[in-house]
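Structural overview
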There are 2 protein chains.
Amino acid sequence: MKIICNTELLSEACQNVQRVVSTKTSIPAIEGIYMKALGNKLMLTGYDLEVGIDTSIDAKIEKEGAIILNARILCDILRKLPSEIVHIEADERQLCIIRSGDVKYKIVGIAAEEYPETPTVTGGYPIIVESEILREMIRQTNFAVSKNDAKIVHTGIKFEIKNGEIKLIAVDGFRLAIRKENIKYTGEEISFIVPAKTLNEVLKLVDNTDVVSMNIAKRHILFEIENYKIISRLLDGEFLDYNSAIPKSLTTEVKVNTKLFMDSIERTSLLITDRVKSPLRCVFDENIIRISTITSLGTATDRIPCQTEGNRVEIGFNNIFLLDALKACNIENVKINLNGSLSPITIVPPEGDNFLFLVLPVRLKNEN
Amino acid sequence: MKIICNTELLSEACQNVQRVVSTKTSIPAIEGIYMKALGNKLMLTGYDLEVGIDTSIDAKIEKEGAIILNARILCDILRKLPSEIVHIEADERQLCIIRSGDVKYKIVGIAAEEYPETPTVTGGYPIIVESEILREMIRQTNFAVSKNDAKIVHTGIKFEIKNGEIKLIAVDGFRLAIRKENIKYTGEEISFIVPAKTLNEVLKLVDNTDVVSMNIAKRHILFEIENYKIISRLLDGEFLDYNSAIPKSLTTEVKVNTKLFMDSIERTSLLITDRVKSPLRCVFDENIIRISTITSLGTATDRIPCQTEGNRVEIGFNNIFLLDALKACNIENVKINLNGSLSPITIVPPEGDNFLFLVLPVRLKNEN
């Protein structure tokens, strides 16, 4: 392989591809970036056996070929090169020479043959989503993804796509996040579960483009974002039947300013530390929410205005879970639906049903 | 104690004072901020038995008194208060109520009597230094302070002040940094060693002021920076006789652009990792410096122009130590004085003697 290309272009592409490269593995090949020079393109791949990122840049190919170079070293080198042009040359013994300006590196690469094959996604037709909408939908659900590996399927976000609608669902056993949007799609109804890790990579690449295309196969999904392809395995297993988890009735409906409520939760939660895990107590009264905590460090009380319809409810929460849900709302006012002090609450927009966040309550100590 | 004051003013003061407060100690009192309301001032102190910071803010004192409040909790609370006014009230049982807007905290403080006495510095006359100059002098020497506790005295910076001159010296066994400035001082010649930790606190407070005043006692130093007083113990012991460590002769004198040299060191050092510790090889030739490394990862070579007078020298360095010294130079071109491949080099300005950085060489493998 012998190529000449633009340093910055190659550096940016390698840094994007590098993110999925394994750093702790016993297989040196997958700690590397796979480079393949063909025609007038240099193709680059990073792959950790679960998620892969592919891209290509324009390059002058003086001799076609392929090599694997350690991702960290390659990226470090590219970032520091003095000239805007870089020459890369690799011989049959995988000795690779990188030259730019007066600097010259000789490093040993790995034979291209040792790179694992990345899965291919063929057939199906692409689902096109606006980048901005997909980004928002991921951000508004991924906080509720389970961090616990006990049920792997819940470490991903479920996508449900049907005629005219796309829905993302995440759940971790304490809370549930649902985000819905309209979409131009008339194919058959499909659903699949994408690992949160893959979606974080999608988030990082989605900025420079208008639309994201998704192609779904039986076990894999392919995201196409401009010049980048992200391929990922899908998660397999029984996802929570979330519809049955959402309470159908309510005794109390509260409208509140999102920021006011968040600020108050943050203030009153200051005495809740890792060392002292106590619930946050909320009393939803006629036109006021009283928020308080009692921990071994002391007590904090606060109150904010609201509009309440229905019964007074006194209810306890994990402060972080309640706050996470409110932060995801991204809207000036929210509606909180309550069903007594022992049932989960749902947080929804005052109008429409774009999102639904469900939070389980925590039993307060003076109750039975 | 019962006071009313401006939230932001108190919050800022507490955050500055908090920085020296112990976080891991068996004495709860010194995990706190000591607050004392007297006249129309609220005085605040943080002290970890080595370094103390003192300040005071205007406050409406409704009842004089003093209390110790946990620094982390107090600062967290103050940062989040909703109103620009805060009320703080503590009773005889150290129950402290903090109120602002609708939020109210009740936390238990510690009796003021339990706070350790901070040392006082009396007598002597102050030495006045321009803030900007002191900041620069500390920054240009503290990189060479020893991180190793084996010789405590070298974990500080030595100050030597005499008629018209102030000199800061740091040394860690592998390198030496000396920074000199003119100063209006006509008192007797003095020298003392200030812990690097104290000087880091000085750096953080020095931004908002024109001059810093230093008062030196036998075992302590007091820095006065605007409204803040930093008191610190001095370090005691035999500081390196640094003058005898500086080579008096030279065989080679090199003038080089500082940035060019730094960039080249950074580039060629990329193959030197924590795992592979190898020296950086520099060949100072007639009008060129050749910089290279050979590690198990590969080789890197680079070269930059320079002006050399004297013999060609091939010499090895710890890349970090060489780079640290060049970074501290803060000047377009520097002069490097060499004395063969086994003697320390000194890096000095092309004109004058404001700074001197000495770096020990590392023996290269192909030498005897």
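Our subject is the structure listed above.
The structure reproduced in this document is the subject of the present report. All figures in this text were calculated on a predicted structure; none of them were measured in a lab. (Residues numbered from 1 in each chain as written. Chains lettered and ligands numbered in written order. Predicted model: local features only at pLDDT ≥ 70, side-chain atom pairs only at ≥ 80, totals over all residues. Heavy atoms only, no water.)

1. Comments concerning the overall build of chain A
Along the backbone of chain A there are seven helices and 27 strands. Projecting the C-alpha coordinates of chain A onto the three principal axes gives extents of approximately 75 × 50 × 35 Å. Split into buried and exposed, the 368 residues of chain A put 54% on the buried side. Sequence-distant contacts, at least 24 apart, represent 66% of the contacts inside chain A between residues at least 6 apart. On chain A, roughly 17500 Å² of surface is accessible, and the fraction owed to carbon and sulfur atoms is 46%. Taking the 45 positively charged and 50 negatively charged side chains of chain A as two groups, their mean positions are separated by 4 Å. (Helix = DSSP H or I, 4+ residues; strand = E, 2+ residues; numbered from the N terminus. Buried < 20%, exposed > 50% of the residue type's maximum accessible area, 1.4 Å probe, protein only. Contact = heavy atoms within 4.5 Å. Areas by Shrake-Rupley, 256 points an atom, 1.4 Å probe, with all protein chains shown as cover. Lys, Arg positive; Asp, Glu negative; His and termini not counted. Charge placed at Lys NZ, Arg CZ, Asp CG, Glu CD.)

2. Section: the sheet that holds strand β12 (residues 156-162) of chain A
Residues and elements named next belong to chain A. One open sheet holds the nine strands; their spatial order is β15-β12-β13-β14-β27-β26-β25-β19-β23, and the pairing between them is antiparallel. Only two strands of the sheet have a single partner each, and these edge strands are β15 (190-195) and β23 (307-310). The mean inter-strand angle of the sheet, taken between neighbouring strand axes irrespective of direction, is 15 degrees. For strand β19 (residues 252-257) and β23, the ladder comprises four bridges, and the chain directions are antiparallel. Counted as the bridge partner of glutamate 253 is glutamate 309 from β23. (Pairing = 2+ DSSP bridges. Axes fitted to C-alpha atoms, helices over the stretch in contact; angles between N-to-C directions.)

3. Considerations on the environment of Asn208(B)
Residue and element names in this part refer to chain B. Structurally, asparagine 208 can be placed in the loop between α4 (196-205) and β16 (211-216). Its relative accessible area of 56% is what places asparagine 208 among the exposed residues. In this structure, the C-alpha to C-alpha distance between asparagine 208 and glutamate 226, residues 18 residues apart in sequence, is 7.7 Å.

4. A word on the sheet that holds strand β7 (residues 85-90) of chain A
With respect to topology, nine strands assemble into an open sheet ordered β5(A)-β1(A)-β7(A)-β8(A)-β9(A)-β22(B)-β21(B)-β20(B)-β24(B), the strand pairing being antiparallel. Only two strands of the sheet have a single partner each, and these edge strands are β5 (60-63) of chain A together with β24 (313-317) of chain B. Mean inter-strand twist for the sheet, computed between neighbouring axes without regard to direction, equals 15 degrees. Summarising the sheet, strand β20 (residues 280-284) of chain B and β24(B) pair through five bridges and their orientation is antiparallel. Within β24(B), the position partnered with Phe284(B) by the bridge is Val313(B). Here helix α1 (residues 7-18) of chain A sits on the sheet and contacts β1 (2-6), β7 and β8 (95-100) of chain A; the angle it forms with β1(A), its principal contact strand, is near 95 degrees.

5. Quick word on the relation of the copies chain A and chain B
The two copies are related by a screw operation: chain A maps onto chain B through 180 degrees of rotation and 0.0 Å of translation along the axis, at an RMSD of 0.0 Å. The superposition of one copy onto the other is thereby described by a two-fold rotation axis. An overlap of 100% is found between the interface residues of chain A and their copies at the interface of chain B, pointing to a shared contact surface. (Least-squares fit on C-alpha atoms with pLDDT ≥ 70 in both.)

6. Things to note about the pattern of salt bridges
Opposite charge on two side chains allows them to pair when their charged atoms are near. All names here are of chain B. Applying the stated criterion across every chain, the model contains 53 salt bridges over all chains. As a salt-bridge pair, lysine 158 and glutamate 160 come within 3.2 Å of each other at their nearest N and O atoms. Accessibility expressed as a relative area gives 15% for lysine 158, which makes it buried. A relative accessible area of 21% means that glutamate 160 is categorised as partly exposed. One salt bridge in this structure joins aspartate 285 and arginine 290, with 3.2 Å as the shortest N-O distance. Judged by relative accessible area, which is 37%, arginine 290 ranks as partly exposed. (Salt bridge = Lys/Arg side-chain N within 4 Å of Asp/Glu carboxyl O.)

7. Some thoughts on the packing of helix α6 (residues 258-268) of chain A against helix α7 (residues 319-329) of chain A
Residue and element names in this part refer to chain A. Running from N to C, α6 and α7 point in directions that differ by 155 degrees, and their axes come no closer than 10 Å. As judged from the angle between their axes, α6 and α7 are roughly antiparallel. When you trace α6 past α7, the crossing you get is left-handed. Between α6 and α7, the residues in contact are Thr258, Phe261, Met262, Ile265 and Glu266 and Asn319, Leu322, Leu323, Leu326, Lys327 and Cys329, respectively. (Parallel < 35°, antiparallel > 145°, perpendicular 65-115°, else oblique. Left-handed = near helix turned anticlockwise from the far one by under 90°.)

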